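Take a look at the letters that make up each chain.
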Amino acid sequence: MSENQLAKLREQVDQINLQILELLNERGKIVQAIGEEKKKHGTNRFDPVRERESLDLLLKNYDGPYTEATIKHLFKQIFKASLELQKIDYEKTLLVSRKAHPENTVVNINGETVGDGVQRFVMGPCAVESYEQVREVALALKEHGLTLMRGGAYKPRTSPYDFQGLGVEGLKILRQVADELELSVITEIVTPQDVELALDYVDVIQVGARNMQNFELLKTVGTVKKPVLLKRGLSATISEFINAAEYIMAGGNDQIILCERGIRTYERATRNTLDISAVPILKKETHLPVAVDVTHSTGRRDLLLPTAKAALAIGADLVMAEVHPDPAVALSDSLQQMDIPQFHDFMNELNAFKERLV
Ligand code: PEP
Ligand code: MN
């Protein structure tokens, strides 16, 4: 083949490439219009039957030099790119995202705000065990001017033989102590059926790590007028976490606090691995306040203070930790709860640390 002939053929290929490009552009615009129609009718973007019909039509009319597998592969790429194109146009911006709502959401708990730039604490026992136990911890909280108290009435335990919580009795104790001492109560609710009942007793509904993808529970707490503290699932990615929050907000409840509580990794030195970078990521991606639970993430009393400092330094809106009058006899999480003197030291250290941060 002469040099001249080669150049001519290459020129032809270039021209065909340009024609293919033009056809792709034209095709892309039609695909976008189809995307709009699908959106109007709520039709799924991906339609495998339609894709099969398109492929069959192509192969029936094909008698060129490429193998059928190659043709299938090339068109599959075009189909995939088209689906992506529709996704960009069609996928709706999440309600919890900063894109949808650039200002910070401030969660209001009986007048106490979370997410307004003041860093706060929520403390209390792992589980409600008795009126006296909750009251003793509550009094310690009051000494530091804290207003948010936690305590579990329904405990999601790994073993069915472990203490499961006092249930409604626990809710009543929390409410009684909170009313007597003017505190707000955060407690975990584990089933959608209990949400209505909980409204009479609690100020913030906690959705625990094990229930982060209990979609029925998320939908139910989305319909109530109570703030929700949503914990990150045991092995949940940040995207899954954000989508779980979206379930709540899609129901109409925008009073959501996201709580990083450690994720499961190969590391066994701590109970879970505290993903501290989740805090700025969540604050960047969403407009919701972010909490860090240092007790369940570390599972170690000696790490509560350094991780709480890290949480404050990185910009968490709320720090959660567990306190018990006598952790050695606690019915759950006895290894990592602080006793009352340790809690006082913890708060004093953190308040001093906060001063240094500003
Ligand atoms: C809790 O806060 O009481 C609790 C059980 O935490 P988690 O859901 O994060 O394990
Ligand atoms: Mn606990």
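Not measured: the values here are computed from a predicted model.

Let's shift gears to the overall build of the protein. If you tally the helices and strands in the protein, you get 12 helices and 10 strands. In the protein, the share of contacts with a sequence separation of at least 24, taken over all contacts with a separation of at least 6, comes to 70%. On the protein, roughly 18700 Å² of surface is accessible, and the fraction owed to carbon and sulfur atoms is 54%. Charge centroids of the protein, computed over 43 positive and 51 negative side chains, lie 4 Å from each other.

So, on to the coordination of the manganese ion (ligand 2). The protein atoms that coordinate the manganese ion (ligand 2) are Cys-126 (SG), His-296 (NE2), Glu-322 (OE), Glu-322 (OE) and Asp-333 (OD), at distances of 1.9 to 2.7 Å. Here the donor residues of the manganese ion (ligand 2) are spaced in sequence according to C-x169-H-x25-E-x10-D. Residue Cys-126 is located in the loop between strand E3 (120–124) and helix H4 (131–143), and its partner Asp-333 is located in the loop between strand E10 (318–322) and helix H12 (340–357); the two are separated by 207 residues in the primary sequence. This pair shows no difference in class: Cys-126 is buried, exactly as Asp-333 is.

This part takes up the sheet that holds E10. Strand order in this closed barrel of eight strands is E3-E4-E5-E6-E7-E8-E9-E10, and the pairing throughout is parallel. On average, each strand axis in the sheet is tilted by 25 degrees relative to the strand beside it, whichever way the strands run. Alignment of strand E5 (residues 184–188) against strand E6 (residues 204–207), held across three bridges, turns out to be parallel. When the sheet's bridge partners are listed, Ile-186 is paired in E6 with Val-204. Set on the sheet, H12 makes contact with E3 and E10; between it and E3 the angle comes to about 175 degrees.

Before going further, it helps to examine the domain arrangement of the protein. Here the domain parsing of the protein yields domain 1 (3–93) and domain 2 (107–357). Here the C-alpha centre of domain 2 lies 50 Å away from the C-alpha centre of domain 1.

With that settled, consider the nonpolar core. Counting residues in hydrophobic clusters, the biggest one holds 68 residues, and the most contacted among them are Met-123, Met-149, Leu-230, Phe-343 and Phe-346. Ignoring any residue separated from it by four or fewer positions in sequence, one finds Leu-230 in contact with Val-207, Met-212, Leu-218, Phe-241, Ala-244, Ala-245, Ile-248, Ile-256, Ile-257, Leu-258 and Cys-259. Core analysis: the second largest hydrophobic core is formed by 13 residues, Ile-109, Leu-148, Ile-257 and Ala-291 among them.

Let us now look at the packing of aromatic side chains. Inspection of the entire model under this criterion finds two aromatic pairs. Aromatic side chains Phe-75 and Phe-79 sit 6.4 Å apart centroid to centroid with 55 degrees between the ring planes, which places their arrangement in the tilted category. One end of the pair, Phe-75, and the other, Phe-79, are both in helix H3 (residues 68–90), four residues apart, so they sit about a helical turn from each other. Assessed through its relative accessible area of 25%, Phe-75 is described here as partly exposed.

By the alternation rule, side chains of strand E9 (residues 290–293) split into Val-290 and Val-292 and Ala-291 and Asp-293, which are all buried. Direction of pairing for strand E8 (residues 256–260) relative to E9: parallel, over a ladder of three bridges. Pairing of Cys-259 across the sheet is with Ala-291, part of E9. In this region the chain leaves E8, passes through helix H9 (residues 278–285) and returns to the parallel neighbour E9; the handedness of that crossover is right-handed. Across three bridges, the pairing between E9 and E10 is parallel. Residue pairing across strands places Val-292 opposite Val-319, the latter belonging to E10.

An ideal rise of 1.5 Å per residue puts 20 Å on 14 residues; helix H5 (residues 168–181) measures up with 20 Å between its terminal C-alpha atoms. Every buried residue belonging to H5 is among Gly-170, Leu-171, Ile-173, Leu-174, Arg-175, Val-177, Ala-178 and Leu-181, and all of these are buried. Buried residues belonging to H5 abut H4, strand E4 (148–150), E5 and helix H6 (195–199). The first or second residue beyond H5 is Glu-182, which carries a positive phi of 55 degrees.

We now examine the pattern of salt bridges. On inspection of all chains with the given rule, the structure shows 18 salt bridges. Between Asp-162 and Arg-157 there is a salt bridge whose closest N-O contact spans 3.8 Å. Between Asp-333 and Arg-271 there is a salt bridge, with the nearest N and O atoms lying 2.9 Å from each other. One end of the pair, Asp-333, is in the loop between E10 and H12; the other, Arg-271, is in the loop between E8 and H9, and 62 residues separate them in sequence. Note on Arg-271: relative accessible area 31%, which makes it partly exposed. When salt bridges with common partners are traced through the structure, they connect Glu-112, Asp-116 and Arg-120 into a single cluster.

Taken together, Arg-150, Lys-155, Glu-188, Gln-206, Gly-208, Ala-209, Arg-210, Lys-231, Arg-261 and His-296 make up the full set of residues near ligand 1. Within the backbone of Ala-209, one N or O atom sits 2.8 Å away from an oxygen atom of ligand 1. Side-chain polar atom of Lys-231 to an oxygen atom of ligand 1: 2.8 Å apart, as the coordinates give it. Against a free-state accessible area of 290 Å², the protein chains account for coverage of 96% of ligand 1. Considering only residue class, the shell around ligand 1 consists of one nonpolar, three polar and six charged.

About the criteria used
Residues numbered from 1 in each chain as written. Chains lettered and ligands numbered in written order. Predicted model: local features only at pLDDT ≥ 70, side-chain atom pairs only at ≥ 80, totals over all residues. Heavy atoms only, no water. Helix = DSSP H or I, 4+ residues; strand = E, 2+ residues; numbered from the N terminus. Contact = heavy atoms within 4.5 Å. Areas by Shrake-Rupley, 256 points an atom, 1.4 Å probe, with all protein chains shown as cover. Lys, Arg positive; Asp, Glu negative; His and termini not counted. Charge placed at Lys NZ, Arg CZ, Asp CG, Glu CD. Donors = N, O, S within 2.8 Å, 3.2 Å for Na, K, Ca; no water. Buried < 20%, exposed > 50% of the residue type's maximum accessible area, 1.4 Å probe, protein only. Pairing = 2+ DSSP bridges. Axes fitted to C-alpha atoms, helices over the stretch in contact; angles between N-to-C directions. Domains from an automatic or database assignment. Core = buried A, V, L, I, M, F, W, Y, C linked by side-chain atoms within 4.5 Å. Phe/Tyr/Trp six-rings, centres within 6.5 Å; stacked < 30°, edge-to-face > 60°. Right-handed = clockwise from strand over helix to strand, strands pointing away. Expected span 1.5 Å × (residues − 1). Salt bridge = Lys/Arg side-chain N within 4 Å of Asp/Glu carboxyl O. Near = heavy atom within 4 Å. Polar contact = N/O pair within 3.5 Å; in protein donor to acceptor, adjacent residues only side chain to side chain. Nonpolar A, V, L, I, M, F, W, Y, C, P; charged D, E, K, R; others polar.

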